[in-house]
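Listed here are the chains, written in short residue letters.
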Amino acid sequence: MSINTATNHSLFFSPDDTSKDFAAVLRDVQEYISGKYSSLILDGNKNEAREQVKRYIRKYLMDCRIAVKGMTTEQLIDALYAEMAEFSFLTKYIFGTGIEEIDVNAWDDIEVQYSNGQTVKLDEHFDSPAHAVNVVRRMLHVSGMVLDNASPAILGHLSKNIRIAVLKTPLVDEDVGVAASIRIVNPQHMEKADFISGGTATEDMLDFLSECLRYGISVCVAGATSSGKTTLAGWLLSTIPESKRVFTIENGSRELALVSKKEGKTVNSVIHTLTRSSENEKQNIDQDVLLDIALRFNPEIICVGEMRSSEAYTAQEAARTGHTVLTTIHSNSCEATWRRMVTLCKRKYDIADDTLMSLVTEAFPVVVFAKQLENKQRKVMEVMECEILPDGEKNYRSLFRFNITDNRMEGGKFIISGEHRQENIISQSLQKRFLENGMPQEFLKKMLKGGSAL
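Sequence order as written defines the numbering, with residues in each chain counted from 1. This being a predicted model, a pLDDT of at least 70 is required before a residue's local features are given, and a value of 80 or more before pairs of side-chain atoms are given or counted; all residues contribute to the totals for chains, interfaces and linings. In computing side-chain values, all of the structure's heavy atoms are included and hydrogens and water are not.

### Quick word on the confidence of the model for the chain
One number per residue, pLDDT, summarises how confident the predictor is, and it ranges from 0 to 100. Per-residue confidence for the chain gives a mean pLDDT of 84; residues scoring 70 or more make up 88%. Contacts: residue pairs with any heavy atoms within 4.5 Å of one another. Here residues 1-17 is a poorly scored stretch, pLDDT under 50, and it has 16 contacts once near neighbours within four places are set aside; other chains count. In this model residues 41-45 is a low-confidence stretch, pLDDT under 50, and it forms 9 contacts with partners more than four residues away in sequence or in other chains.

See below:
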């Protein structure tokens, strides 16, 4: 250690110094920094600016001989910077690894959901309801949104892959301060082996779904939040031949990362797009608008990240007019998925339910239902085909299913046992579509035999 560093260190922690409360130090430093270097804080996401701001904080602390009990110099500087230019103690969780969601139930009740299904209550919390509101306001500022009494419910983004939903008083109690759900959607590059080893699905199931997209059969992946829909959809899209043009549409935040490069050169053909919200209705770009635009880009495969509203009608139109469409939807079973599609389609046109049901089942003959079980394991519970018979009747054919054989509590933990089984082979009409779309005969024969390779 140099003499200057040692001197500074001893001065900083001199026994004669009066240890201050962190909140009081924060107020003093905020006033000092905001008055002199506010422009640097606004650019605090850049490494250079961050280090410069920290240097100013260090200088102020040293000049004023300020210490906080139980914190070293570096800890204090990091904590002050996090409070002023980042998101308090939440920063390390928001930008950490293996974290899917942060739930602020109240200013003093925060929990973190990890990608392995574990949920942990944090010992850390905000200093007060007002502190919680201030930090969340800073988060929303990133997406240009204001949280106040006129707008107490906000949906925003911290970045292209972090969504945030917020409620403040009077929508929540005053002593709660704020409630927020921060969803971190990190694109995961899963391999087929990961799904198989984790028990999510079998090789036969995954191969079948991959071949559906490869040979022009549109697929919808259904399930609740955190069921693994997007992860499965992302893997399916990664199996598409590089020569095929893929156009993805996602709502506000990007969960898919499909562009593939080799030696610095892009080798596949992918266009990723995001919706854009605007208070001016004419400037609002929703999934329906992007889907209409997508059709003019001559894509072979269109991915609608999640069907939520009237884009369901446009999606089924695209799927029935020569495009292969992969999408996800919130639903609680395979059969319920087609009914939910009907409900969403009616938001665009008030067409008879029977007519819409015929349209959506023709458009999406294959539906996958994924679920996160009580033991936090993610399973593809069922893959179903809807066969439309010559007389117009519909035959719901379960192709693969996860059958639960044991479900019990043991030592405070859920124990769920079961196995995936192939229930039926695909219908004659789907076989015909596969052949018409170029599937080699030997692939189809292996599929009908239930072989592990298609």
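### So, the pairing of strand 17 (residues 413-422)
Two strands qualify as a pair provided DSSP detects at least 2 bridges between them. Secondary structure elements are defined from DSSP: runs of H or I of at least 4 residues count as helices, runs of E of at least 2 residues count as strands, and each element is numbered from the N terminus. Pairing analysis gives 10 bridges linking strand 16 (residues 394-410) to strand 17, with the strands arranged antiparallel. Bridging across to strand 17, Asp406 finds its partner in Ser417. Where strand 16 hands over to strand 17, the hairpin turn is made up of 2 residues, of which Gly411 adopts a positive phi near 60 degrees.

### Here we look at the pattern of salt bridges
By convention in these notes, a salt bridge is any Lys or Arg side-chain nitrogen within 4 Å of a carboxyl oxygen on Asp or Glu. Applying the stated criterion across every chain, the model contains 26 salt bridges. The salt bridge partner of Lys54 is Asp78, with a shortest N-O separation of 3.0 Å. Within this pair, whereas Lys54 is found in helix 3 (residues 47-63), its partner Asp78 is found in helix 4 (residues 73-85), the two being separated by 24 residues in sequence. With a relative accessible area of 39%, Asp78 lands in the partly exposed category. Each member of the salt-bridge network shares a partner with another, and the members are Glu100, Glu101, Arg183 and Arg378. Here the term buried applies to any residue with accessible area under 20% of the maximum for its type, exposed to any over 50%, and partly exposed to those in between, with areas from a 1.4 Å probe on protein chains only.

### Quick look at the pairing of strand 6 (residues 178-184)
Counting buried residues along strand 6, 6 of its 7 residues qualify, which places the element largely inside the surrounding structure. Of the pairings in the sheet, the one linking strand 1 (residues 99-106) to strand 6 comprises 4 bridges and is antiparallel in character. In the sheet register, Ile102 faces strand 6, and the bridge partner there is Ile182. Pairing between strand 5 (residues 162-168) and strand 6: 7 bridges, direction antiparallel. Paired with Ile164 across the strands is Ile182, a residue of strand 6.

### Quick notes on the packing of helix 14 (residues 428-436) against helix 15 (residues 441-449)
Helix axes are fitted only over the stretch in contact, all axes being lines through C-alpha atoms; the angle between N-to-C directions runs from 0 to 180 degrees. With their axes 10 Å apart at the nearest point, helix 14 and helix 15 run at an angle of 155 degrees to one another. In terms of their interaxial angle, helix 14 and helix 15 are classed as roughly antiparallel. By crossing handedness, the relation of helix 14 to helix 15 is classed as right-handed. Contacts from Gln431, Phe434 and Leu435 of helix 14 reach helix 15 at Gln441, Leu444, Met447 and Leu448. With respect to orientation, any angle under 35 degrees is reported as roughly parallel, any angle over 145 as roughly antiparallel, any angle of 65 to 115 as roughly perpendicular, and every other angle as oblique. For any pair of crossing helices, the crossing counts as left-handed if the nearer helix is rotated counterclockwise from the farther one by less than a right angle, and right-handed if it is rotated clockwise.

### Some points on unusual backbone geometry
Here the residue pair Thr169 and Pro170 is connected by a cis peptide bond, since its omega of 10 degrees sits within 30 degrees of zero. Here Pro170 shows up in the loop between strand 5 and strand 6. In the Ramachandran plot, Asn298 falls in the positive-phi region, its phi being about 55 degrees despite a non-glycine side chain. Here Asn298 lies in the loop between helix 10 (287-294) and strand 12 (301-307). With a phi close to 75 degrees, Lys376 is a non-glycine residue in the positive phi region. The topology assignment puts Lys376 in the loop between strand 14 (366-372) and strand 15 (378-388).

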